[in-house]
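Per-entry structural report
Chain residues, written in single-letter form:
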Amino acid sequence: MFVVPQIQAAQRTGDCHTRLPSISAIWMHLVLLCLLLSGVAACGGSGDNSATSPGAGGTIVAPSALFYPSPQTAVVGVALQALEPTVTGNVSNYSVIPELPAGLVFDSVSGRISGTPIAAAASAAYTITARNAAGSSSFVLTLRVDPAIKLALEPATATAIGIGQRIHVFFTQQADGAPYPAYIDATLVQWSSSAPSRAVIDANGQVTGVSEGTTTITAQYQGITRQLQVQVSGHWVTRTVAVTGQGLRRYAIYIPAGTDPSVLRPALLVMHGGTGTAMGIAASSLLTEFAQQRQLLAVFLEGSGVLPTFNAGACCGSAQSQNVDDVAFARAVIADIRLNDRVDASRIFATGFSNGGMMAHRLACALADQLSGIAAVSGASGEFEGAGTRYYSCVPARPITVLHIHAANDRNYPYAGGIGIDGISNSNF
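Thresholds applied
- Residues numbered from 1 in each chain as written.
- Predicted model: local features only at pLDDT ≥ 70, side-chain atom pairs only at ≥ 80, totals over all residues.
- Heavy atoms only, no water.
- Helix = DSSP H or I, 4+ residues; strand = E, 2+ residues; numbered from the N terminus.
- Core = buried A, V, L, I, M, F, W, Y, C linked by side-chain atoms within 4.5 Å.
- Buried < 20%, exposed > 50% of the residue type's maximum accessible area, 1.4 Å probe, protein only.
- Contact = heavy atoms within 4.5 Å.
- Disulfide = S-S within 2.5 Å.
- Polar contact = N/O pair within 3.5 Å; in protein donor to acceptor, adjacent residues only side chain to side chain.
- Phe/Tyr/Trp six-rings, centres within 6.5 Å; stacked < 30°, edge-to-face > 60°.
- Lys NZ or Arg CZ within 6 Å of the ring centre and 35° of its normal.
- Pairing = 2+ DSSP bridges.
- Axes fitted to C-alpha atoms, helices over the stretch in contact; angles between N-to-C directions.

Let us now look at unusual backbone geometry. Cis geometry is adopted by the peptide bond preceding Pro 155, which originates at Glu 154 and carries an omega value of -5°. For Pro 155, the position within the fold is in the loop between strand S9 (149–154) and strand S10 (158–163). Cis geometry marks the peptide bond from Cys 315 to Cys 316, where omega comes out at 20°. Look at Asn 323: it is not a glycine, yet its phi comes out positive at around 55°.

For the rest of this paragraph, the subject is the nonpolar core. If you look at the biggest cluster of nonpolar residues, it comprises 37 residues, and the most contacted ones within it are Leu 269, Leu 301, Ile 337, Leu 363 and Leu 371. Among the elements of the structure, strand S18 (224–243), strand S19 (247–255), strand S20 (265–271), strand S21 (297–301), helix H6 (326–340), strand S22 (343–353), helix H7 (355–366) and strand S23 (373–377) are those that each provide at least two residues to this core. The leading source of residues in this core is H6, at eight residues. Each residue touching Leu 363, except ones within four places of it in the same chain, is listed here: Met 271, Val 327, Ala 330, Ala 350, Ala 368 and Leu 371.

What follows concerns the state of the cysteines. Taken as a whole and assessed by the stated rule, the structure comprises two disulfides. Note that Cys 315 is cross-linked by a disulfide to Cys 316, the S-S spacing being 1.2 Å. Disulfide Cys 315-Cys 316: torsion about the S-S bond near 75°, hence right-handed. Like Cys 315, the residue Cys 316 is buried in the burial classification.

So, on to the environment of Arg 239. Along the polypeptide, Arg 239 turns up in strand S18. When residues no more than four places from it in sequence are discounted, the contact partners of Arg 239 are Arg 249, Arg 250, Tyr 251, Ile 253, Asp 336, Ile 337, Asn 340 and Asp 341. There is a polar contact of 2.6 Å between the side chain of Arg 239 and the side chain of Asp 341.

The subject of this paragraph is the environment of Ala 82. Position of Ala 82 among the secondary structure elements: in the loop between strand S2 (72–75) and strand S3 (86–88). Contacts of Ala 82, omitting those with residues within four sequence positions, involve Arg 112, Ile 113 and Ser 114.

Turning our eyes to something else, we now look at the packing of aromatic side chains. The full count for this structure, using the stated rule, is five aromatic pairs. Measuring from ring centre to ring centre gives 5.3 Å for Phe 170 and Tyr 183, while their planes differ by 75°; the resulting arrangement is edge-to-face. Taken as a pair, Phe 170 in strand S12 (residues 170–175) and Tyr 183 in strand S13 (residues 182–183) lie far apart in primary sequence, 13 residues in all. Taken together, the ring pairs in this structure connect Phe 67, Tyr 68 and Phe 139 into an aromatic cluster. Here the guanidinium or amino end of Arg 249 rests over the ring plane of Phe 329, the centre of that ring lying 3.9 Å away. Just above the ring of Tyr 180 sits the side chain of Arg 411; from NZ or CZ to the centre is 3.6 Å.

Another point: the environment of Gly 205. With respect to the helices, strands and loops of the structure, Gly 205 is situated in the loop between strand S15 (199–201) and strand S16 (206–209). With a relative accessible area of 0%, Gly 205 lands in the buried category. In the structure, Gly 205 is positioned 37 residues away from His 168 in sequence and 5.6 Å away in space, judged by C-alpha atoms. Setting aside anything within four residues of it in sequence, one finds Gly 205 in contact with Ile 167, His 168, Val 169, Ala 186 and Trp 191.

Bringing the sheet that holds strand S4 (residues 93–97) into the picture now. One open sheet accounts for four strands, arranged S2-S8-S7-S4; its pairing is mixed. Each edge of the sheet is formed by a strand with only one pairing partner; in this case those strands are S2 and S4. For this sheet, the mean inter-axis angle between neighbouring strands, taken without regard to orientation, is 30°. Pairing of strand S7 (residues 121–132) with strand S8 (residues 135–146) involves 10 bridges; the strand directions are antiparallel. Opposite Ala 124, over in S8, you have Leu 143 as the bridge partner.

Below, the structure is given as structure tokens:
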């Protein structure tokens, strides 16, 4: 492109001082020109080479073997771990049909799927296609989006226990809209205590108070961390008391720190649900924390039988079938704490959960002369059963304050009456 113009210019000017190039010079210029043209051709000269893959003889080859990890489950509100495609050959662009669930992002250049879903979606098939000028390759990705899951500890953020007291900490997960949480296997959780000299925690999530002070319990599950502050304060003491016709019965008492032995304290009798334990109701109710705050004595009664229960009249278990006198047991415990713990006799109360709540109602009838009031949770009176059978007479010695608390969605003891789908008794209440 520059040789011929030079020659033409020389001829055109007729300048006798301008010499035509030699044949060898012209040949060299032609060779350089060919090399330059060959170099341009070698670079492709056909547009964006990144979108093509030349095969034998320069033929463009279509993408193949497109693959994504499948199936996939995402969760509302949780960032999806990005999905990257694997594919053989070069790709011009990617597409997906139908559109991904709201909140997820599809990159048409890289084929990458990322983002945070904002709404639940049923499992569906999404066809992803990789293309170039020669053709395409497709893959069907199966994906669903589950409702948001709340991960939490029970107790939630803080609690108080006594020296020697044990509580279980639970890691729970609850899908958005679900009425109840599910409990994660404690052995799958990594537990630790920031101050083992205050409280230790084992592989089953059981915390034991060691000495006065505070520790932070940390639970890690699948990259999620939750923490619980535990204050160790006061003492947990296990006792026995003799009951006529029953031998020794057990109960435990929580004595809050800072208790002045010269001051009479209120006392709260606490009864667990069917198949529960004194230690268990102390942990789940958080009543030791309440007792520490209010400076009262929390007294936890232990039911009888292999699966501990209380004879609340129409319920429950071996205590009811063997007609165990749990009223006499409660009376003996009251006498014992009044003798040993400087209790204000005018401020003794009773509470209970489920079967224990039913027992609290029975004590309101039988021990109104010694109790100032009761608060029952999820367990109503067992004086009668659904068929009308009467198990005891409720003739309190004096009027007594009663607080009853009951969840409308109770599966053991239905709010509207009848047999609970998760109940432990075949009786109607």
